[in-house]
Amino acid sequence: MNFIKNPILRGFNPDPSIIRVMDDYYIATSTFEWWPGIQIHHSKDLIHWELLTHPLNRVSQLDLRGVGASQGVWAPCLTYCNDTYFLVYTMVKSFYCNMYDTNNYLVMATDIMGPWSEPIPLNNFGFDPSLFHDDDGKKYIVSMVTDHRVPKKYVGRLILQEYSHAEKKMVGQVMEIYKGDKIFLEGPHIFKRGKYYYLFTADTGTGEGHGQSIQRAESIWGPYEWFEGNSILTARETPDLLLQKAGHCDLVETQNGEWYAVHLCGRALDKRNPEGVRFAGSRRYTLGRETAIQKMRWNEDDWLVMDNGTNLPDAEVEAPNLPEFPFPKKPVRDDFDMGYLDIEFQSLRIPLDDTFYSLTARKGYLRLYGRSGLSSRFSQSLIARRWTEFQFEASTCLEYEPTVFKNMAGLICMYDYDNYIYLHITYDEDEGKCISILTAENKKYEYPIGFVSVSQAGRIYLKVTVDHDKLQFYYSITDEGGYMQIGPELDASILSDEACNEGWFTGAMVGICCQDLTGFGAYADFDYFEYKLAAG
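Now for a quick tour of the structure.

### Considerations on the overall build of the protein chain
1) Next: In terms of helices and strands, the protein chain carries 0 helices and 40 strands.
2) Next: The C-alpha radius of gyration computed for the protein chain amounts to 24 Å, which stays within 12% of the reference 24 Å derived for 536 residues, consistent with globular compactness.
3) Next: Referenced to the eigenvectors of the C-alpha coordinate spread, the extents of the protein chain come out at roughly 75 × 50 × 45 Å.
4) Next: Taken over 536 residues, the protein chain has a buried fraction of 60%.
5) Next: Of the contacts made within the protein chain by residues no fewer than 6 positions apart, 59% connect residues no fewer than 24 positions apart.

See below:
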């Protein structure tokens, strides 16, 4: 018997939506302010997964300039009907305020690899839209509703409206199908099985109280009956489980009639928030919200329940009766020898284009042209990939000749524009070309080592090691065998969901970047980028 090891999508991959098309499985996850928008992973056995594509890859589809931390693309819903893929999602432009701006869109494609269509506007009542294809040919959008009034009329609401595929717009009356005075519901999906429509929803926020609930009705418009066994999936009362924050599910049936639910989860550090801050005492999650999977079954009363007989998420799950299909292992090092960047890399808010990077200006190198500072919501020259485990190391080698202190380039670990740890090469009037560390913790900025001269160095090697909540930088001006520790051991846990004052929906990233605050675009040449997990 084969087993699936959770999480299946490790590191920042939240809000999963899953479909099966013949023998292929696809999961779409949220990307928030990272470009391009939405990650789609592919599998044939539910065990092994590969990152396949990003469907929102044109500015005409997605303009993230100016969006804040943890805003942007939320909660995609991926469906398939009549040889067409449908993807609905929310573009959040204003959050952490009274009146949210939550614009909902639909894109379509006849091939999962695209091209995907230009966005079709839906409604803007709230976030987490989901598309349901009924067996009579009609289509419906269900979503939650935000309420800016103080106090709110209800804790949570869900609305339903018909979507006309022929007219490419919402039609008919908007109906409320859930008005909750106690339990907040979001991330809704509708399924039909037998005579029932099932309303499958995330409950109780997205933190450690998170769960998944189910209701049903004989009409899509309701009234919906609440299952007495809710939440059917949660870790809220079992803090020792590996998979915390369990909820925000989607459902798939295999070729052999087995049922599985993918769900959002998180793996916690022992480190907790201090008193006197937002979420005081909360555990920290540097890997962000991840995606796991659980085996499900239908009970004798036609309710969906977990196959393990509890409502607790398992770290290992019985795999479906399908041939195993592993993908080739990717190399840990990208030497920048190809004509394109590895799909794991993303940029912040703007496309990876020739206005700030080049793989051809110098063969075998990635050239980054310096642009805005790390607090910019518009034009950073930065590429990064997800942390996927608590123990890893990342490294790079660059050639760079800064001439003023406003020139910087190097290796960065970051959560958002207010929270990062940056080992970089720069220029100082007294030291000349030098190396330094800049830490940002909720807009508190520090230089823990000042500026160390490397004025005679041509190639400079930079490395970071992370061990749970401990982060250590290294550098070398000779070769990869000559690394020397630089700076103190730093607190990696500040790059986590609960530690950040503004955003807390994404996860820690590691990458390379270049700034030129003079506006002249001084560049750095990076020879490679390597990310590898700790042995064992």
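Moving on from the coordinates now.
### Some remarks on the nonpolar core
1) Next: In this structure, L366, W387 and V510 are the most contacted members of the largest nonpolar core, which totals 88 residues.
2) Next: Counting residues per element, this core draws most heavily on strand β31 (residues 407-416), at 7 residues.
3) Next: By size, the runner-up hydrophobic cluster in this structure holds 21 residues, among which are Y26, W35, V67 and I112.

### Considering the packing of aromatic side chains
1) Next: Tallied over the full model, the rule gives 27 aromatic pairs.
2) Next: When the ring of W74 is compared with that of F127, the centres are 5.0 Å apart and the planes differ by 70°; the resulting orientation is edge-to-face. With W74 in strand β7 (residues 72-81) and F127 in the loop between β10 (120-121) and β11 (130-133), the pair connects residues that are 53 residues apart, well separated along the chain.
3) Next: Judged by its relative accessible area of 5%, W74 is buried.
4) Next: Geometrically, the ring pair formed by Y85 and W116 is tilted, given 6.4 Å between the ring centres and 55° between the ring planes. Note that Y85 is positioned in strand β8 (residues 84-94) and W116 in the loop between β9 (101-109) and β10, a separation of 31 residues in sequence. There is no split in this pair, since Y85 and W116 are both buried.
5) Next: Site record: aromatic cluster; members linked through ring pairs are F12, F32, W74, F127, F279, W504 and F505.

### Quick look at the sheet that holds strand β6 (residues 50-53)
1) Next: Strand order in the open sheet formed by 4 strands is β2-β3-β5-β6, with antiparallel pairing between adjacent strands. Lying at the two open borders of the sheet, with one neighbouring strand each, are β2 (17-21) and β6. Within the sheet, the average angular offset between the axes of one strand and its neighbour, ignoring direction, is 35°.
2) Next: With 3 bridges joining them, strand β5 (residues 39-43) and β6 adopt antiparallel strand pairing. Looking at the pairing, I40 lines up with T53 of β6.

### Let's talk about unusual backbone geometry
1) Next: Residue G222 is joined to P223 through a cis peptide bond whose omega torsion reads 5°.
2) Next: Looking at the element boundaries, P223 is found in the loop between β17 (211-217) and β18 (225-226).
3) Next: Cis geometry marks the peptide bond from N230 to S231; its omega dihedral reads 0°.
4) Next: Assignment of secondary structure puts S231 in the loop between β18 and β19 (233-234).

### Some thoughts on empty space enclosed by the protein
1) Next: Applying the stated criterion to the full structure yields 1 cavity of 30 Å³ or more.
2) Next: Lining of the largest cavity is provided by 13 residues; of these, A75, P76, P129, H189 and H248 occupy positions nearest its centre.
3) Next: Contributing elements (two or more residues each) for the lining of the largest cavity: β7 and β15 (185-193).
4) Next: Residues that form the lining of the largest cavity fall into these classes: 6 nonpolar, 5 polar and 2 charged.

### Description of the side chain of D416
1) Next: Counting through the fold element by element, D416 comes out in strand β31.
2) Next: Here D418 takes part through its backbone nitrogen, which lies 3.0 Å from a polar atom of the side chain of D416.
3) Next: A distance of 2.8 Å separates a polar atom in the side chain of D416 from a polar atom in the side chain of N419.
4) Next: When residues no more than four places from it in sequence are discounted, the contact partners of D416 are E33, A69, C500 and G503.

### Focus: the sheet that holds strand β13 (residues 156-164)
1) Next: Within the open sheet, the 4 strands sit side by side as β11-β12-β13-β14. Their pairing is antiparallel. Edge positions in the sheet fall to β11 and β14 (169-180), since each of these pairs with one other strand and no more. Each neighbouring strand pair of the sheet contributes to a mean axis angle of 25°, computed without reference to strand direction.
2) Next: As defined by bridge partners, β13 adjoins β14 across 8 bridges and the pair is classed as antiparallel. In the sheet register, I159 faces β14, and the bridge partner there is E176.

### Remarks on the pattern of salt bridges
1) Next: Inspection of every chain in the model, using the stated rule, returns 38 salt bridges.
2) Next: Residue E318 is joined to K295 by a salt bridge in which the shortest nitrogen-to-oxygen separation is 3.3 Å. With E318 in strand β24 (residues 316-318) and K295 in strand β22 (residues 290-298), this pair connects stretches of sequence that are 23 residues apart.
3) Next: A residue is classified by how much of its surface remains accessible, and E318, at 29% relative accessible area, is partly exposed.
4) Next: Each of R362, R367, E399, R459, D525 and D527 takes part in a single network of salt bridges with overlapping partners.

### Quick word on the environment of E389
1) Next: Residue placement: E389 occurs in the loop between β29 (381-386) and β30 (391-400).
2) Next: Distance in space between the C-alpha atoms of E389 and D63 is 30 Å, their sequence separation being 326 residues.
3) Next: Aside from chain neighbours lying at most four places away, what touches E389 is R10, R267, L287, Y531 and L533.
4) Next: Here R267 takes part through its side chain, which lies 2.9 Å from a polar atom of the side chain of E389.

Basis of the calculations
Residues numbered from 1 in each chain as written. Predicted model: local features only at pLDDT ≥ 70, side-chain atom pairs only at ≥ 80, totals over all residues. Heavy atoms only, no water. Helix = DSSP H or I, 4+ residues; strand = E, 2+ residues; numbered from the N terminus. Rg over C-alpha atoms; globule rule 2.2 N^0.38 Å. Buried < 20%, exposed > 50% of the residue type's maximum accessible area, 1.4 Å probe, protein only. Contact = heavy atoms within 4.5 Å. Core = buried A, V, L, I, M, F, W, Y, C linked by side-chain atoms within 4.5 Å. Phe/Tyr/Trp six-rings, centres within 6.5 Å; stacked < 30°, edge-to-face > 60°. Pairing = 2+ DSSP bridges. Axes fitted to C-alpha atoms, helices over the stretch in contact; angles between N-to-C directions. 1 Å grid on protein atoms, 1.4 Å probe; cavity = no way out; pocket = protein on both sides within 12 Å on 5 of 7 lines; lining within 4 Å. Points joined across faces, edges and corners; volume = space filled by probe spheres on them. Nonpolar A, V, L, I, M, F, W, Y, C, P; charged D, E, K, R; others polar. Polar contact = N/O pair within 3.5 Å; in protein donor to acceptor, adjacent residues only side chain to side chain. Salt bridge = Lys/Arg side-chain N within 4 Å of Asp/Glu carboxyl O.

By themselves these figures say nothing about function.
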